[in-house]
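Summary of the model geometry
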Amino acid sequence: MSVLELRKLSKAFGGVRAVNEVDFAIQPGEFLAMIGPNGAGKSTCFNMINGQLPPDSGEILLDGQNIAGLAPRAIWRRGVGRTFQVAATFSSMTVIENVQMALLSHSGQTYKLWRPVAAMHRARALDLLGQVGMQDAADRPSRELAYGDVKRIELAIALANEPKLLLMDEPTAGMGARERNGLIELVKRLVVERGISVLFTEHSMDVVFAYADRIIVLARGRVIADGNAGDIRDNAKVQEVYFGTGKTFAEQHGVTP
Amino acid sequence: MSTRHLYLALAVAVGLASQASAQDTIKIGELNSYKTQSAFLDPYKKGMELALDEINSKGGVLGKKLELVVRDDGTNPGEAVRVAEELVTREGVVMIAGTFLSHIGLAVTNFAAQKKVFFLAAEPLTDKITWQNGNRYTYRLRATTYMQTAMLMPAAIAAKKKRWALVYPNFEYGQSAAENFKTLLKKAQPDVEFVTEQAPPLGKIDAGAVAQAIDDAKPDAIFNVLFGGDLAKFVREGNTRGVFKDRPVVSLLSGEPEYLDPLKDETPVGWVVTGYPWDKIKTPAHTAFVDAYQKKFSDYPRLGSVVGYVTIKSIAAGIAKAKSTETEKLVEAFAGLQLDSPFGPFSYRASDHQATMGAYVGKLALEGGKGTMVDFKYVDGKDVLPSDADVKKLRPAEAN
Amino acid sequence: MTFSAFLFQALNGLSTASGLFFIAVGLSLIFGVTRIINIAHGSLYMLGTYIAYSFATKIGGVFGFWGGIVATALIVGVIGALIEILLLRRIYRAPELFQLLATFALVLVFNDMALWIWGPEDLLGPRAPGLRGSIEVLGRRLPEYDLFLALIGPAVLLILHFALAKTRFGRLIRAATQDREMVGALGVNQAILFTSVFALGAALAGLGGALQVAREPANLATDLVAIGDAFVVVVVGGMGSISGAYLAAVIIAEVKALCIGIGVVDFGFITVNFSKFTLVAEFLVMAAVLIARPYGLLGKPQGAVRSIAEPEEPIRPATPMLKMLAVIVLAGLMGLPLLAQTQPYLLILGIDVLIAVIFATSLHFIMGPGGMHSFGHAAYFGLGAYGAALLVKWLAVPMGIAIAAAPLVALAGALLFGWFAVRLSGVYLAMLTLAFAQIVWAAVFQWEGFTGGSNGVIGVWPPPPFDKAWVYFVLTLLLTVIAVLLLRRFLFAPFGYAMRAGRDSPLRAEAIGIDVKRVHWLAFAIAGGICGIGGGLFAFAKGSISPETISVGRSIDGLVMVLLGGIQTLTGPIVGGSLYAILQDTVMRQTEYWRALLGIIILVLVLAFPQGIVGAFAALWRKRGGGP
Ligand SMILES: Nc1ncnc2c1ncn2[C@@H]1O[C@H](COP(=O)(O)OP(=O)(O)O)[C@@H](O)[C@H]1O
Ligand SMILES: [Mg+2]
C-alpha cells in the first residue's frame, strides 16, 4: 500500500485554481520529486498534505486513512514531518533546543512544568544533529546560523518524530551548488537507511534527475507528467511548460532555472 | 520564635544608632487627590497654608509650631493607605487629615481604626464615614451628603412637584445622594414619582443624550448631583435644549465657586443649590477670612479654601484642648470640640464625630455675566443632623 | 421611550460619534503605518481643547473661535511631528511595544504641562459663533452645533478617504499599512513618511479636541478618557481602517445613546437602570466584535510584523554571578525586618515593591516568552484581591484560606478570558484583554450589593501576628520568591519552551505537534493565577480593595514595569517592577508636579536603555564577551 495517496485534491484561492484535481501516490521508501514552474501549486499541495490548508475537495490518504482537513499537529502525530520553503525555526532557542522541542512534543511532554529542558532528550538531539552534520553548532543561538544551516536544522527537527513521510518544500533554496548536492545526498541516505518516504520540491534539475526515484510535474495546478528521470526529460508537455516549444533539458544541461 | 528574638535584638542595636532627634514641631500628615481634583484642592491647600501661618505666627500650639506634611494620594484607595502609612511610620506625624473622594476617605477611615491613628476626614461627603463605617478614631469636617440633601429638602418640598427626575454621577457620592433624596422626599410627600434616573459615569457624561432623556421623561422637577466637568456639559446641553425651562431644579454643591464659576454666563438661573457665595457673606468672621486670603494669595477663596482653612484650625484647636498629641487624648478632645470658622461657630459631635459646620442654600443667579447665589441663607449643620440617639443606631457598636 | 424619542437619540448619537471618530482616526492611521501604540494620543486631543479655548477666549469672536480651531489643529500637528522626530525616531529599533513606554511618559508630562499653563479649573469655552442656538427636530430642540458636528465627521471621513485613494502620499500610507517593509524597499524615505503620518494623526486629534471646545470644558482628565475611547473605536473598526473607525464610532455612540434613552426599566422582578451601562457599553461592544470578528469590523488580518529589533537571546540558567546577586538581594530583604523599629516604612514600601514584582513577573511571563501583550493584567490582580476580600467579608474565612483562594479565583477568570484572548494576536489580543479587564471592573463597580461598588471592600486586615508589618513582609517575601521561582521554573521546563516556540514560529510549532493556542491559553491562565497571589496579598496589606485596582491605569502600570526592566530578559520584570514601585513612591513625595517628573525620568530611561534596564546591561555584558 502507498504511504500517501492524493485523490482529486483541489484548492482555489478566489478565482485561482492553485491545485486542480491532483492525483498521485508515494510508495514506502520512495524519494519523490515534485517539480514545476513558480506558482504551479507545489507549496499549496504541501500545505494541504500537512494540514495547514484545508482542501476544497478531494482526499489525502495516509496509510489508507483520509487526513484531509486535520490540523497540522494531528497529521504530524501520524508520522508526517515537514520543512518549509521559508525555513521556520525557533529563533530564540539554541540549535539543540530546537530539536529538543520537537523530541519533547513527540514524546508527549509538552505540558510538563517541572524538569528543565536542558537535560531532556539531549543525547537523542545531538544524535539527530550529528546526522545532519550540525553537532558542533548545538549550543549556538539558532538565529546566528547561515541560511543553509538553518535548513539542516529544520531537517533534524522534521526527523525528530521518526516520520514515515517527509515533506520538504524547496529544501535547498538559497544554497550554493555544492551545499545543495550535499543536503540532497544526505536526505537520500536517510531515505535509504530508514525507509522514509520523501516528497520534495526542487528547482535544480540536475539534483532532481540525479537523485529522485520518481518525478511528478505540476503546472497550473495539474499533474502533467509522472515518471522517472528519463520519461520526464523526454516529455514534450514538460519541455513546453518549462522552455516553450523546441528546447529540451539536454540543451539546458548545467543551467539551473 | 528564635528568629524573632534575633530580629528584635538586632533591631534594638540598629535603633540605638539612629534615634530620632528631639522634636520642636508638631507634624500633621495630610493626603489628598491633588492631581485629579485640583480645582477644589488647589484652593484647599491655600486655605491650609493660611491657617498654618496664622497659627504659627501666634506661637503655634502647645508651644510648638505646626508642621504640615502634604502628600498626593494617587486618587486610589490602595495608594492612599500606603501614603497614610508612610506619613505615620516614616514622617512620624501625630495624626492624619484630608481626602476628597468618598471611597478614598472610607479606606483611610478604616485604616485609622486598624492602626489606631487619629484621622480628620476633611472633604469626603459620604455618610458612611461617620455612620455605617464610623469608628472611634475618625472625625469629619464637611457637611455630609445627607446633611446637604436635607438642607435642600424644604425647597424641594415647597416646589410641590409630583414627577421628579434624578441625575447623579455613578459612584458612592452620587448614589447615596440620590438615595437620601428619594427617601427624604418620599417621607414628606408620599405620592412623589421618580420618572427617570440618569447615572452617567463620573467624568464621562454624554450630556446631550442625558439631557434629552430627562426631557423626554417629562418630569415636573429635577434633582441634580453632577459636579465639575459633567455639570458644565450638562448645563450647556440642557440650556440649549430647553430642558430646564419651567422646571424647578434642586442641585447639590452647584453654588460652590469651584463648580459655578466655570459656567460663567451659562449659569442656570433659579436652581436651588448648596454652595458658597463668598463675595456676599458679610459676617465679621468671614470678612476677616476673605481679606486675609486675598492679601496672601491675590485670589478669591473657593469653598475648598474654607475647608482647608478650617481643617487646620480644627486640628490646632483639638491639640490645644487635648494638651497632648497622643491619639487617645485627641479622640477625646475632638468629642464636643467647639470652634469658630468663617461660617460661624460649630462643634464636632461626640455622638457621631460629625462636625456641624453648615452650608449656604440659595438660588443661582447671573450678575455681570457671572454666576452667583441670591436669596441665600446659612443652614447650620446641627439643624439637619439626626439626633444623637438616632445616629448611635447607625454606627457600629464598637465605634461609640 | 417613544419612537420619535428613539430617533432623536439616534441623531444625538451621530454628533457624539463624530467626536469619537476624530479621536480614533489619527490613532488608527499612526498605528497602521508605524505600528506604534501612541498612548499620548488622548493628550494631544486634550491639548486641542485647551489651545482652542485659549484662542476662543483670548482672541475671541468669530475669528478667534473658528480660526482658532484650524490653528489648533496645525499646532497640535506640529507637536506630533516633534514627538516623532525628537523621541520616537530614536527608539524604532527597540523591542516592540517599547515606544508605548515613551508615549506613556509623554502622557504624564503633557498632563502636568497643561496644569501648569492653564491651571486646575475646568475651562468651558464660549458657544460657537453662528451656531449658538438650536433647531426644531421631531418636536425637540437639537443644538445647531451638534448638527454641525454630526455632519463634519462624515465630511472629514470623505476627505481622508479621497486623499488616501488619490494622492501619492495616501497611496504610500495605504501601502505602508499593508506591508511596512515593502515601502522601505520601494526606496521611500521612511523617516519623512513616519513624521508626516504622525503630524497628520496628531492634527486630527487636535482638531477633534478643538471642536469640543463649544461642548465641553477643557479638563485635565480628558486625556485618559479620550485614549480609552480611541482604542476601543479603532479596534472595533479595524486597525488602520478609517471607514471602520467611523462605523465603530457610530455603533458605540448609538449603543450609549440608546442605553441613556431607555433609562430605568422595571422588569417586575428587577429594576435596571440602563444609563449605568454607559460605563462599560463600549467595552461590551468591543469584546463582542473581537470574538466574532478578530480583526474588527472592517480590518484585515495584518501580515506578521517582522520585528526590526534585535531578536531575543536564548534563555540560559542563572550564571553563578546572577545566583550570587540573587542571594545577596534576598539576604538584604531578609534583613529588612531588622529595621522594623527605626525604619518601619521601609517594610511597608517593601511589601508594595514585592507585590509589584509579582504583578510584573506574571505579566512578563505571557508578554515576553509568550508574546501575548496583555493590556488587562490588572483584571487578574483584581480578581485575586476581590476573591480574597469577599471571602473574608461574606464567609469570614481566615486569611490563610483567603490568600490561598486568591490565585484560584484569578486562575478561573484567566481561564475564561484567556480562552477567547489567545484566539487573537498582536494588538487585537491586547485590546480584547483590555476589554475583559474593563468588563471585570464594571461588574465589580456595579454589583454594589456583593462587591461594595465604588467603595470596594473595607476592613480586610490581617490577623495577628501578621498585623505587624515585618511579619507580613516576611510572608509577602516568601510568596513572592515562590511565585518568581515557580514562573522561572516553568520557563525552563518543556511548557515554557513550548510557549516560546508558539511565539517564535506558530507555523513550525504546529508542525511539530504543539497545540499553540492551548499552550498559550494555559500560560495565560498560569500568569493570571500567579498574579492573583499578588492581589490577595495586596488586599490584606491595604486592609481594603476598590475597583481602582482593576483600572486601565493599573494595567498600564504593569506594562510600564515590564518594559522598563526589559521585556527580553527574565530578571527584567523584577527590576522593572521594583524600580517603578519605588519611583512612584519617591517621586509622588518629591514635588507638586510629580507626574511630569515621573514622565521625564521614564523618558530618560527610555532613551538611555532602549532595551529596558536589564536588557541594556545584558547587551553590554555580551559585548564585553560574556565576562570572565
Ligand atoms: N494564501 C494564498 N492566497 C492566495 N493565493 C495563493 C495563496 N497561496 C498560493 N496562492 C496562489 O496559488 C498559486 C500556487 O502557489 P504555490 O502553491 O505557492 O506555488 P509554487 O509553490 O508551486 O510556487 C499561485 O498562483 C499563488 O499566487
Ligand atoms: Mg512554493
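A brief look at the structure comes next. Just so it is clear, the model here is predicted, and its values are computed rather than measured. (Residues numbered from 1 in each chain as written. Chains lettered and ligands numbered in written order. Predicted model: local features only at pLDDT ≥ 70, side-chain atom pairs only at ≥ 80, totals over all residues. Heavy atoms only, no water.)

Contacts between the two partners involve 33 residues from chain C, matched on the other side by 36 residues from chain A. Of all residues in chain C, Pro494, Arg508 and Ile512 of chain C bury the most surface against chain A, accounting for 23% of the area lost on that side. At the junction of chain C with chain A, the criterion picks out four salt bridges. Across the pair arginine 508 of chain C and glutamate 154 of chain A runs a salt bridge, and its minimum N-O distance is 2.5 Å. Counting across the chain C and chain A interface gives 20 residue pairs in polar contact (both at pLDDT 80 or more). (Contact = heavy atoms within 4.5 Å. Buried area = accessible area lost by both parts, 1.4 Å probe. Salt bridge = Lys/Arg side-chain N within 4 Å of Asp/Glu carboxyl O. Polar contact = N/O pair within 3.5 Å; in protein donor to acceptor, adjacent residues only side chain to side chain.)

Further remarks concern the sheet that holds strand 5 (residues 138–140) of chain B. All names here are of chain B. Reading across the sheet, the five strands line up as 2-1-3-4-5 and stay open at both edges, with parallel pairing between neighbours. At either end of the open sheet lies a strand with only one pairing partner, and these are strand 2 (65–72) and strand 5. This sheet shows a mean twist of 25° between the axes of neighbouring strands, independent of strand direction. As paired strands, strand 4 (residues 119–121) and strand 5 are joined by three bridges and run parallel to one another. (Pairing = 2+ DSSP bridges. Helix = DSSP H or I, 4+ residues; strand = E, 2+ residues; numbered from the N terminus. Axes fitted to C-alpha atoms, helices over the stretch in contact; angles between N-to-C directions.)

The subject of this paragraph is the interface of chain C and chain B. Each partner contributes to the interface: chain C provides 79 residues, whereas chain B provides 76 residues. The junction of chain C with chain B conceals about 6500 Å² of combined surface from both sides, 53% of it contributed by carbon and sulfur atoms. Our count for the contact surface shared by chain C and chain B stands at 10 salt bridges. Between the two partners, chain C and chain B, sit 30 residue pairs in polar contact (both at pLDDT 80 or more). Looking at which element gives the most residues to the side of chain C that touches chain B, the answer is helix 1 (residues 3–34) of chain C, with five residues. Of the residues belonging to the side of chain C that touches chain B, the class tally is 35 nonpolar, 22 polar and 22 charged. (Nonpolar A, V, L, I, M, F, W, Y, C, P; charged D, E, K, R; others polar.)

The next thing to look at is the coordination of the magnesium ion (ligand 2). All names here are of chain A. The coordination sphere of the magnesium ion (ligand 2) contains the protein donors Ser43 (OG) and Gln85 (OE1), at a distance range of 2.1 to 2.3 Å. A residue pair is termed long-range when its members are at least 10 positions apart, and serine 43 in helix 1 (residues 42–49) and glutamine 85 in the loop between strand 6 (80–83) and helix 3 (95–106) qualify at 42 residues. Classification of glutamine 85 by relative accessible area gives partly exposed; the value is 32%. (Donors = N, O, S within 2.8 Å, 3.2 Å for Na, K, Ca; no water. Buried < 20%, exposed > 50% of the residue type's maximum accessible area, 1.4 Å probe, protein only.)

All names here are of chain A. The full set of residues close to ligand 1 is Phe13, Val16, Ala18, Asn38, Gly39, Ala40, Gly41, Lys42, Ser43 and Thr44. One of the backbone N or O atoms of alanine 40 is found 3.2 Å from an oxygen atom in ligand 1. Considering ligand 1 on its own, with 550 Å² of exposed area, one finds that the protein chains cover 58% of that surface. Per element, the largest residue contribution to the shell around ligand 1 is three residues, and it comes from helix 1. Of the residues belonging to the shell around ligand 1, the class tally is four nonpolar, five polar and one charged. (Near = heavy atom within 4 Å. Areas by Shrake-Rupley, 256 points an atom, 1.4 Å probe, with all protein chains shown as cover.)

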